[in-house]
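Chain and residue survey
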Amino acid sequence: MQMSRTLTSTSTSISNLMLFLNGLDNLDARRHVNRLCLAADVPFVESGTTGFLGQVTVHVKGKTECYECQPKPTPKTYPVCTITSTPSKFVHCIVWAKDLLFEKLFGDKNQDNDLHVRSSDAASSSQQAEDVFERQNDEGIEEYTKRIYDHVFGYNIEIALSNEETWKNRNRPKPLYNRDVFPEEPSQQNGNMDKNCATEDPLSVSAMTSLSLKNPQDIWSLLENSRIFVEAIKLFFGKREKEIGNLSFDKDDQLAVEFVTAAANIRAASFGIPLHSLFEAKGIAGNIVHAVATTNAVIAGLIVIEAIKVLQGDANNYRGSSTTRKRCGPSRGKGLDVLLENGERILLSFTEEEGRPLCAYAYKFASEIGVAVRLFAPIQFESWGAIPDDKKEPVFQRLLGKFDFDISAPHIFKYVNKSMADRYSNNRYYCHQYFKKFATITEARRHPYRKIWQEDWEWLCDHFESKKFKRRATGEQPNEIELFYITHYNVKNGWSSDKAQAIYEKMKEMEQENIPEGGTPLSAREIVKINVSNNFRGFGFRPTQPSPSTTSKESLVETELRGIVDIQMKELESTRKGLDSTRAELSNTCDELKKCQTELNDTRSELGKQQEHMKNEKERLDRIEKYLFPINFSRLAT
């Protein structure tokens, strides 16, 4: 589409749109539009078709995953040795003709490729040193095309045949020289180049036109492919010589497609591979799956349906966009390097309400958080919150180096920081579980956990053996001295005051004093009573006697509460009486219903008796009628 060529690199061109409908033909353009729509906060409906298959997805910032959240299939590549020496499929011949031969003849001359073969002609030493694909100053176009043809389809094949090991289990290719293919000299097989004079567009120059070949779906013979090959080279040097050295294959370049098709078919004939038409070869060379009108019509209808949903705000029924994230696996960090081979960071989308990632890469992101915390977070701290911000920076940089997201957004930072804190706590838990496997701390020190440095592991061992950690692990309540320490010391800011530090040190000295034989040691509560005054700020461990004013206030509140309770009790009693009267009325109603049921049963019994009497009367009347009228009507008729 023309849009992919004219769209600017900023989001200003689409910021005023309500909706963006997209149907571009390559991944780079789709990614570019996706990022523009994210930056401009414009809903984006992506679509495309591939033969009989099609897809439509909706991408709305903060509500669904973006276009880049789902990994896209990369074009398939083939081993160079297969392409250059042992092709077995027509696509191998196409890749050879497009990426090697075309680039070598018409592309950048300074760029090496695997088709770079030196001439073996012994005419002169200077000739051997020159590139066989370079046209000499005094060389005519006929001689040049003949030399190129013989070299790539004849000499190179013979060189490949010289390796006997390669062809033990393969069909041997057949070298092709122009003297064997053309029934007469190539000069006598020339096409009419004047037929291309009518067009001024270099992309419309055609060897098929020169040779009067019209149907691109015909499969050319080896001779026709050879004539197209020779004619295409002549046209490049005759009509487009200024472009030689800067050309690259373009599926919209008719002459380039004809050259690649002919070269691939000649090579296919040499290796015994079925030939293909220009139409088929163009689809393979340009990675084209030809359009199907019905598929395009169906996808166009789906685009309109999704556009209506977006305009109506029906986010729950968007098509093909996940609003849930996958469950995270263990933090191993594998697979990201493969996704980052193209050098671009992975784009992440986050929900604005919860701040969590909303795409298929969410589980990769969660896994990488665990890896970053395990590898870069300092260990010698009690918790993630105790780590200074400057020491957390490497962890964040690790994530920003692989993922593209705005860490300055408050909801995103909150999610990432909390996730890091959780991973830090989990790592500490696994270290402690490993530590408990050893009988003594000395033995544990000799066996660090995983790849933790010895110094860090020894700090962890001391930390796990500390009273503070054990008390926290077992749920034991701190004594009064430890409570004083907890309420007056902070890991980041230190002691609340010098006086508090002095009091704590004095209490620890008293706690550790040697007790004379027969003496009783002071308890922690007694030590605190001796050293801490009743009004020491920030320490409310001991209960204090209530003041008279407090007592009077409490009595007033108690009196008011008693009055409220009395009122509610009276209301409850009246409600109970009402319930009792209702229950009595219900009981009377039940008795009346029982009486009605009894009368109904009696009536039903009386009706049954009357029905029985009527039945008997009918039978009696039937008998009377039988005896009173014994007439044979059949005899009367006779």
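If you're wondering where the values come from, they're calculated on a predicted model, not measured in any experiment. (Residues numbered from 1 in each chain as written. Predicted model: local features only at pLDDT ≥ 70, side-chain atom pairs only at ≥ 80, totals over all residues. Heavy atoms only, no water.)

On average, residues of the protein score 78 in pLDDT, and 79% of them are at 70 or above. Mean pLDDT across the elements of the protein bottoms out in helix H5 (residues 125-129) (37) and peaks in helix H10 (residues 254-270) (92). For the stretch residues 535-546, pLDDT sits under 50, and the model shows 25 contacts to residues farther than four places along the chain or on other chains. (pLDDT = per-residue confidence, 0-100. Helix = DSSP H or I, 4+ residues; strand = E, 2+ residues; numbered from the N terminus. Contact = heavy atoms within 4.5 Å.)

What the three strands build is an open sheet, ordered S1-S2-S3; its pairing is mixed. Both edges of this open sheet fall to strand S1 (20-22) and strand S3 (53-59), since each of them pairs with a single strand only. Direction aside, neighbouring strands of the sheet carry axes that sit 10° apart on average. Of the pairings in the sheet, the one linking S1 to strand S2 (residues 44-50) comprises three bridges and is parallel in character. Within S2, the residue paired with Leu21 across the bridge is Val45. Sitting on the sheet, helix H2 (residues 27-40) is in contact with S1, S2 and S3, with an inclination near 165° to S2. (Pairing = 2+ DSSP bridges. Axes fitted to C-alpha atoms, helices over the stretch in contact; angles between N-to-C directions.)

When you tally the buried positions in S2, you get five out of seven residues, the bulk of the element. What joins S1 to S2 is H2, and the crossover it makes is right-handed. Remark: two residues form the turn of the hairpin made by S2 and S3, two consecutive strands paired antiparallel; Gly51 in that turn has positive phi of roughly 65°. (Buried < 20%, exposed > 50% of the residue type's maximum accessible area, 1.4 Å probe, protein only. Right-handed = clockwise from strand over helix to strand, strands pointing away.)

Moving on: the pattern of salt bridges. All chains considered together, the criterion is met by 19 salt bridges. In this structure, Glu142 and Lys234 form a salt bridge, with 2.7 Å as the shortest nitrogen-oxygen distance. Separated by 92 residues along the polypeptide, Glu142 in helix H6 (residues 141-161) and Lys234 in helix H9 (residues 222-239) bring together distant segments of the chain. Using a relative accessible area of 25% as the deciding quantity, one classes Glu142 as partly exposed. (Salt bridge = Lys/Arg side-chain N within 4 Å of Asp/Glu carboxyl O.)

Here we come to helix H22 (residues 524-531). Those residues of H22 lying buried are Ala524, Ile527, Val528 and Asn531. The arc enclosing the buried residues of H22, seen along the axis, measures out at 100°, which places them on a common side. Away from the buried face of H22 by more than 90 degrees, exposed residues Lys529 and Ile530 are located. Where H22 is buried, its residues touch helix H20 (480-488) and helix H21 (498-512). (Arc of directions from axis to C-beta.)

Inspection of the entire model under this criterion finds 34 aromatic pairs. Taken together, a centroid distance of 6.0 Å and an interplanar angle of 85° make the contact between Phe350 and Phe365 edge-to-face. Of the two residues, Phe350 is situated in the loop between strand S4 (346-347) and helix H14 (362-376) and Phe365 in helix H14; the sequence distance between them amounts to 15 residues. Given the relative accessible area of 7%, Phe350 is considered buried. With relative accessibility at 0%, the residue Phe365 sits in the buried group. Among the aromatic residues, those joined into a cluster by ring pairs are Trp96, Phe102, Phe106, Tyr144, Tyr149, Phe153, Phe182, Phe229, Phe236, Phe237, Phe249 and Phe259. In this structure, Arg179 packs its charged tip against the face of Tyr177, placed 4.6 Å from the ring centre. Above the ring of Trp96, the side-chain terminus of Arg267 is found at 4.4 Å from the ring centroid. (Phe/Tyr/Trp six-rings, centres within 6.5 Å; stacked < 30°, edge-to-face > 60°. Lys NZ or Arg CZ within 6 Å of the ring centre and 35° of its normal.)

Quick look at the packing of H10 against helix H11 (residues 278-285) now. Taken N-terminus to C-terminus, the directions of H10 and H11 make an angle of 100°; their axes are 9 Å apart at the nearest point. The angle between H10 and H11 falls in the class roughly perpendicular. Of the residues in H11, those touching H10 at Gln254, Val257, Glu258 and Thr261 are Leu278, Ala281 and Lys282. Per-class residue counts for the contact of H10 with H11 are three nonpolar, two polar and two charged. (Parallel < 35°, antiparallel > 145°, perpendicular 65-115°, else oblique. Nonpolar A, V, L, I, M, F, W, Y, C, P; charged D, E, K, R; others polar.)

A word on H20. Of all the residues in H20, the buried ones are Glu480, Ile481, Phe484 and His488. Angular distribution of buried residues about the axis of H20 spans 105°; they occupy a single face of the element.

For the pair H21 and H22, the least separation of the axes is 10 Å and the interaxial angle reads 140°. Relative to H22, the element H21 lies oblique. You can see that H21 and H22 cross each other, and the crossing is right-handed. Between H21 and H22, the residues in contact are Ile503, Lys506, Met507, Met510 and Glu511 and Ile527, Val528, Ile530 and Asn531, respectively. (Left-handed = near helix turned anticlockwise from the far one by under 90°.)

Of all hydrophobic cores here, the largest spans 57 residues; its most connected members are Phe106, Phe229 and Phe259. Broken down by secondary-structure element, the contributors of at least two residues to this core are helix H4 (90-106), H6, helix H8 (207-210), H9, H10 and H11. When near neighbours in sequence (up to four residues on either side) are disregarded, Phe106 contacts Ile233, Phe236, Phe237, Glu243, Ile244, Gly245, Asn246, Leu247 and Phe259. Counting residues in each nonpolar core, the second largest holds 29 residues, with Tyr361, Val373, Ala377 and Tyr415 among its members. (Core = buried A, V, L, I, M, F, W, Y, C linked by side-chain atoms within 4.5 Å.)

Another aspect to go through is a nonpolar patch on the surface. Together, Val557, Leu561 and Ile564 line one region of the surface with nonpolar side chains, adding up to about 260 Å² of accessible area. Residue position: Ile564 is located in helix H23 (residues 548-628). (Patch = residues over 30% accessible without salt bridge, like charges linked within 9 Å, V, L, I, M, F, W, Y side chains within 5 Å. Areas by Shrake-Rupley, 256 points an atom, 1.4 Å probe, with all protein chains shown as cover.)

Let's shift gears to the environment of Leu21. Relative to the helices and strands, Leu21 resides in strand S1. A residue is classified by how much of its surface remains accessible, and Leu21, at 45% relative accessible area, is partly exposed. Here the alpha-carbon distance between Leu21 and Ser47, two residues 26 residues apart in the chain, equals 7.9 Å. Non-local contacts of Leu21, meaning those with residues more than four positions away in its chain, are made with Val45, Ile303 and Ala307.

A few words now on the pairing of S3. Relative to S3, S2 runs antiparallel, the two sharing seven bridges. Each bridged residue has a counterpart across the sheet, and for Val45 the counterpart in S3 is Val58.

Let us look at the side chain of Arg147. Tracing the chain through its elements places Arg147 in helix H6. Since its relative accessible area comes to 17%, Arg147 is described here as buried. A distance of 2.8 Å separates a polar atom in the side chain of Arg147 from a polar atom in the side chain of Glu139. Dropping the residues within four chain positions of it, Arg147 is found in contact with Val132, Phe133, Glu134, Arg135 and Glu139. (Polar contact = N/O pair within 3.5 Å; in protein donor to acceptor, adjacent residues only side chain to side chain.)

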